Amino acid sequence: MPAPMSPRLWGLLIALSLAWGGSFLTMAVALRGFPPFTIVCARTAMAALVLGLACLALRQEMPRGRQAWLACAGMGLLNNAIPFTLIVLGLQFIPSGLAAVVNAATPVFAVLCAHWLADDERLTPNRLAGALTGVAGVAILIGPVAFDLAPGNQDGGGEALGIALCLGACLSYGLSGVWSRRVKRAGLAPLPAATGQCATACLMMLPLSLGFEHPWALPVPPAEAVVALAVLGLVATALAYALYYAILAGAGATNTMLVTLLVPVSALLLGWLLLDEALAPRHFAGMAVIGTGLLLIDGRLFRRASAAG
């Protein structure tokens, strides 16, 4: 059974939801002054630097050997480079709040990837029901209008593309959950593992940024974009990883997954308050159905209801 959540852990969970929920907002603002590949490259570079300094301060050994760096590189690709890039590309077509709502489908992809690609995490009835409910929520989220690509409905087509890109990020996150077993087998502590994956992700993104976007030739970005990029790297990536691993150590993986229910709420509130974003009713309906799917996957609420009955 999942460990009980203390008030301190709930506080850390809410702080993590604000950090990750705010990442969608800060990516949207950073796009006003920087192109996508450069945003992801700078984000992971800042996080790797801060996490690396934390490892030095805490005297934690950095990854060593081929197996350790291969594990970090896989996580850097699947958990950083690919999903961060797909999300920031998607944000060119959809609001930051909607991107966060789509991202809430990540656990659905995670349980499906674990079922198909791992031998020890088969789909139980409640996880299957949760996955199917989550898929239904995604379908509601997208809606029939988004697939109408006829002339005169270009906005719908753009929304469909933005949602598809963010769903690709969800799939990448799901695959990273399977790959993360290699990090455990390599014997890496959480902080060095996070440092290694951010560093390798930065190295992957660097040639894309330099080769396609020529950041040295960009016009001077507005101050708000610079601040957003700094917050994205230092708060939404480096600090968020520290919070994530603190919750993971104190409450376990099942409780930590609860953050996926809080991130869309944080992102929607921040987008509404700071960017004046508005979502359609079907977006909220889709989020509610995805949330139900996550509760089914988690299973605790329904076990308690059965026990009470």
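Everything below is about the structure shown above.
Attention here is on the structure that accompanies the text. Bear in mind the structure is a predicted one, so any value in this text is a computation, not a measurement.

### Thoughts on the overall build of the protein chain
- Along the protein chain, the regular secondary structure elements total 12 helices and 0 strands.
- Going from N to C terminus, the protein chain has its helices and strands arranged as α-α-α-α-α-α-α-α-α-α-α-α.
- Evaluated residue by residue, the protein chain yields a buried proportion of 49% over its 309 residues.
- In the protein chain, once contacts between residues fewer than 6 apart in sequence are set aside, the share between residues at least 24 apart is 88%.

### Some details on the pattern of salt bridges
- Tallying each qualifying case throughout the model produces 1 salt bridge.
- Glu224 is the partner of Arg32 in a salt bridge, and the nearest nitrogen-oxygen pair spans 3.1 Å. Of this pair, Arg32 sits in the loop between helix 1 (7-30) and helix 2 (36-57) while Glu224 sits in helix 9 (residues 223-256), placing them 192 residues apart in sequence.
- A relative accessible area of 41% places Glu224 in the partly exposed class.

### Focus on the packing of helix 1 against helix 4 (residues 96-103)
- Contact pair helix 1 / helix 4: the axes reach a minimum separation of 9 Å and the direction vectors enclose 135°. The orientation of helix 1 relative to helix 4 falls into the category oblique. With respect to the hand of their crossing, helix 1 and helix 4 are arranged in right-handed fashion. Contacts between helix 1 and helix 4 pair Phe24, Leu25 and Ala28 from the former with Ser96, Ala99, Ala100 and Asn103 from the latter.
- Split by residue class, the contact of helix 1 with helix 4 holds 5 nonpolar, 2 polar and no charged.

### So, the nonpolar core
- One finds Phe24, Met27, Ile39, Ile87, Leu98 and Val102 to be the most contacted residues of the largest nonpolar core, which totals 55 residues.
- Examining the composition of this core, we find that 10 residues originate from one element, helix 1, more than from any other.
- The contact partners of Val102, leaving out residues within four places of it in the chain, are Leu141, Ile163, Cys166, Leu167 and Cys170.
- In terms of nonpolar packing, the next biggest core, distinct from the first, is built from 9 residues, Ala47, Cys55, Ala194 and Ala238 among them.

### Quick word on the environment of Ile94
- Tracing the sequence through the fold places Ile94 in the loop between helix 3 (66-90) and helix 4.
- For Ile94, a relative accessible area of 5% corresponds to the buried category.
- Expressed as a C-alpha distance, the spacing of Ile94 and Leu279, which sit 185 residues apart in the sequence, is 9.9 Å.
- Leave out the neighbours within four places in its chain, and Ile94 touches Ala99, Glu159, Gly162, Ile163 and Cys166.

### Overview of a nonpolar patch on the surface
- Together, Val50, Val227, Val231, Leu234, Val235 and Leu239 line one region of the surface with nonpolar side chains, adding up to about 420 Å² of accessible area.
- No other element matches helix 9, which puts 5 residues into the nonpolar patch.
- Overall, the relative accessible area of 33% leaves Val50 in the partly exposed class.

### Notes on the packing of helix 3 against helix 8 (residues 190-213)
- For the pair helix 3 and helix 8, interaxial distance at closest approach is 7 Å and the crossing angle is 60°. It follows from the interaxial angle that helix 3 and helix 8 lie oblique. As helix 3 runs across helix 8, the sense of the crossing is right-handed. Contact residues: Trp69, Cys72, Ala73, Met75, Gly76, Leu77, Asn79, Asn80, Ala81 and Thr85 in helix 3; Ala193, Gly196, Gln197, Cys198, Thr200, Ala201, Met204 and Met205 in helix 8.
- Of the residues belonging to the contact of helix 3 with helix 8, the class tally is 11 nonpolar, 7 polar and no charged.

Rules and cut-offs
Residues numbered from 1 in each chain as written. Predicted model: local features only at pLDDT ≥ 70, side-chain atom pairs only at ≥ 80, totals over all residues. Heavy atoms only, no water. Helix = DSSP H or I, 4+ residues; strand = E, 2+ residues; numbered from the N terminus. Buried < 20%, exposed > 50% of the residue type's maximum accessible area, 1.4 Å probe, protein only. Contact = heavy atoms within 4.5 Å. Salt bridge = Lys/Arg side-chain N within 4 Å of Asp/Glu carboxyl O. Axes fitted to C-alpha atoms, helices over the stretch in contact; angles between N-to-C directions. Parallel < 35°, antiparallel > 145°, perpendicular 65-115°, else oblique. Left-handed = near helix turned anticlockwise from the far one by under 90°. Nonpolar A, V, L, I, M, F, W, Y, C, P; charged D, E, K, R; others polar. Core = buried A, V, L, I, M, F, W, Y, C linked by side-chain atoms within 4.5 Å. Patch = residues over 30% accessible without salt bridge, like charges linked within 9 Å, V, L, I, M, F, W, Y side chains within 5 Å. Areas by Shrake-Rupley, 256 points an atom, 1.4 Å probe, with all protein chains shown as cover.

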